[in-house]
Amino acid sequence: MKKLVFVSILLALVVVTLGAYTRLTHAGLGCPDWPTCYGLIDVPETAEQIALAEQAYPQSQVEPSKAWNEMIHRYFAGTLGLLILAIAILSFKNRAQGTPLRLPLLILVIVIFQAALGMWTVTLKLMPIVVMGHLLGGFTTLCLLFLLYLRLMPHRINRSDFSIKKYGRFALLGIGLLTGQIALGGWTSSNYAALSCVELPICQSGWQDQMNFEKSFDLIPPERESYEFGHLSHDERVTIHVVHRFGAIAITIYLTWLLLMIYSKAQTSTFKTSAVVVGIALITQVSLGVSNIWFSLPLSIAVGHNLVAACLMLTLIALTYRLRRKI
């Protein structure tokens, strides 16, 4: 069971990374239908297949490379869904031995809803709220799988570290703040606002006069044929980006304070090491965020920014779990 959950965690990381790669290569509509691609289980590549695809979907330009990006993401996501189904079945069969049941069933429900979000991403033509929801659904699936793995592992706390357990509630708040920041990142990306600010630390000169909150965070935007490449004005995209920047600064300050407190007050290496691991992930994530601006959003760094965000969340969950675990 633990091995299956561990493999599912690794696969979920791959799915999150592939989702970011698909989004950042503008391949979210590489296939105009779901779950097939132009009616195929793979991608139209021959001249005959492309001609038939163009005839069936005249409003879409057939681009095999983008279609493959989308379909590979679907293949991996589908495989992850099957593994999660297997975990839920095993949990039900082994419930009498004390195997967690509610959490695997919750993960199964979420992954089913995540599949629906994947469908709506295509049918609603990259509506930002759906794209952001799909991102958060992927992160939620990954985090809950990791939490299940922690619950299946034995944990012991040295009695000398009981005094720092009070920081558990602050760590839990950190998870909430980080979740909000990830959502802001998804909103920034889905509205194509990642390069609306091209200078550091906040934005280019005059950004204060460009702030416009009126439509920047409308969850239900005006109906459009497609939301690809965004639908908001430049000022609205600047607003989204600036809010994301301020969020990054705030969460960095908060987590830095929390990690320093835990590291300085912990008596054993368990919590000191955990704090250092979270700190490394935090520093890496901030560095990638700065690099996105400095190097104008190169694909490898932008994808890495998504992947390290997931790793930062997992390390923070592990630390929080240890802090809040009952004695």
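Check the entry above for the structure.
Residues numbered from 1 in each chain as written. Predicted model: local features only at pLDDT ≥ 70, side-chain atom pairs only at ≥ 80, totals over all residues. Heavy atoms only, no water.

Caption draft 1: Structural view of the overall build of the protein. The helix and strand tally for the protein stands at 10 helices and 0 strands. Reading the helices (α) and strands (β) of the protein from amino to carboxyl end gives α-α-α-α-α-α-α-α-α-α. Compactness check: the protein gives a C-alpha radius of gyration of 21 Å against a globular reference of 20 Å for 327 residues, within 12% of the reference. Oriented by its inertia axes, the alpha-carbon framework of the protein measures out at about 70 × 60 × 30 Å. For the protein, long-range pairs separated by at least 24 residues make up 78% of all intrachain contacts whose partners lie at least 6 apart in sequence. Taking the average location of the 25 positive side-chain charges in the protein and that of its 17 negative ones, the two points are 28 Å from each other. (Helix = DSSP H or I, 4+ residues; strand = E, 2+ residues; numbered from the N terminus. Rg over C-alpha atoms; globule rule 2.2 N^0.38 Å. Contact = heavy atoms within 4.5 Å. Lys, Arg positive; Asp, Glu negative; His and termini not counted. Charge placed at Lys NZ, Arg CZ, Asp CG, Glu CD.)

Caption draft 2: Broad picture of the nonpolar core. In terms of nonpolar packing, the biggest core is built from 55 residues, with L145, I262 and L323 touching the most fellow members. Secondary structure elements with two or more residues in this core: α1 (2–24), α3 (64–93), α4 (102–123), α5 (128–152), α6 (168–190), α8 (234–265), α9 (269–294) and α10 (299–324). Of all the elements, α10 adds the most residues to this core, at 11 residues. When near neighbours in sequence (up to four residues on either side) are disregarded, L323 contacts I164, K165, Y167, G168, A171, I262 and F271. C31, Y38, V43 and M71 belong to the second-largest nonpolar core, a separate cluster that totals 8 residues. (Core = buried A, V, L, I, M, F, W, Y, C linked by side-chain atoms within 4.5 Å. Buried < 20%, exposed > 50% of the residue type's maximum accessible area, 1.4 Å probe, protein only.)

Caption draft 3: Highlighting the environment of L288. Within the secondary structure, L288 sits in helix α9. Residue classification places L288 among the buried residues on the basis of a relative accessible area of 17%. When near neighbours in sequence (up to four residues on either side) are disregarded, L288 contacts I301, G304, H305 and V308.

Caption draft 4: Structural detail: unusual backbone geometry. Backbone torsion omega between W34 and P35 reads 0°, so that peptide bond is classified as cis. Looking along the chain, the bond that leaves L200 and enters P201 is cis, with omega of 5°. Positionally, P201 belongs in the loop between α6 and α7 (207–210). The phi torsion at H26 lies on the positive side, around 55°, for a residue other than glycine. Here H26 is to be found in the loop between α1 and α2 (47–56).

Caption draft 5: Layout of the pattern of salt bridges. With the rule as written, the count across this model stands at 2 salt bridges. Taking the shortest distance from any N to any O, the salt bridge between E63 and K66 comes out at 3.8 Å. For E63, a relative accessible area of 29% gives the class partly exposed. For E70, the salt bridge identified is with R74, shortest N-O distance 2.9 Å. (Salt bridge = Lys/Arg side-chain N within 4 Å of Asp/Glu carboxyl O.)

Caption draft 6: Highlighting the state of the cysteines. Summed over the entire model, instances satisfying the criterion amount to 2 disulfides. Sulfur-sulfur distance for the disulfide between C31 and C37 comes to 2.1 Å. Its S-S torsion of approximately -85° makes the covalent link between C31 and C37 left-handed. With respect to burial, C31 and C37 carry one shared label: buried. Covalently, C197 is tied to C203 through a disulfide, its sulfur atoms 2.1 Å apart. Around the S-S axis, the bridge from C197 to C203 shows a dihedral of about -90° and counts as left-handed. By relative accessible area, which is 0% here, C197 ends up buried. Given a relative accessible area of 8%, C203 falls into the buried group. In the protein, the bonded cysteines, numbered by position in the sequence, are linked as 1-2, 3-4. (Disulfide = S-S within 2.5 Å.)

Caption draft 7: The arrangement of the side chain of N191 in detail. Relative to the elements of secondary structure, N191 occurs in the loop between α6 and α7. Of the polar contacts made by the side chain of N191, one reaches the backbone oxygen of W187; its length is 2.9 Å. (Polar contact = N/O pair within 3.5 Å; in protein donor to acceptor, adjacent residues only side chain to side chain.)

That's the geometry; what it means functionally is another story.
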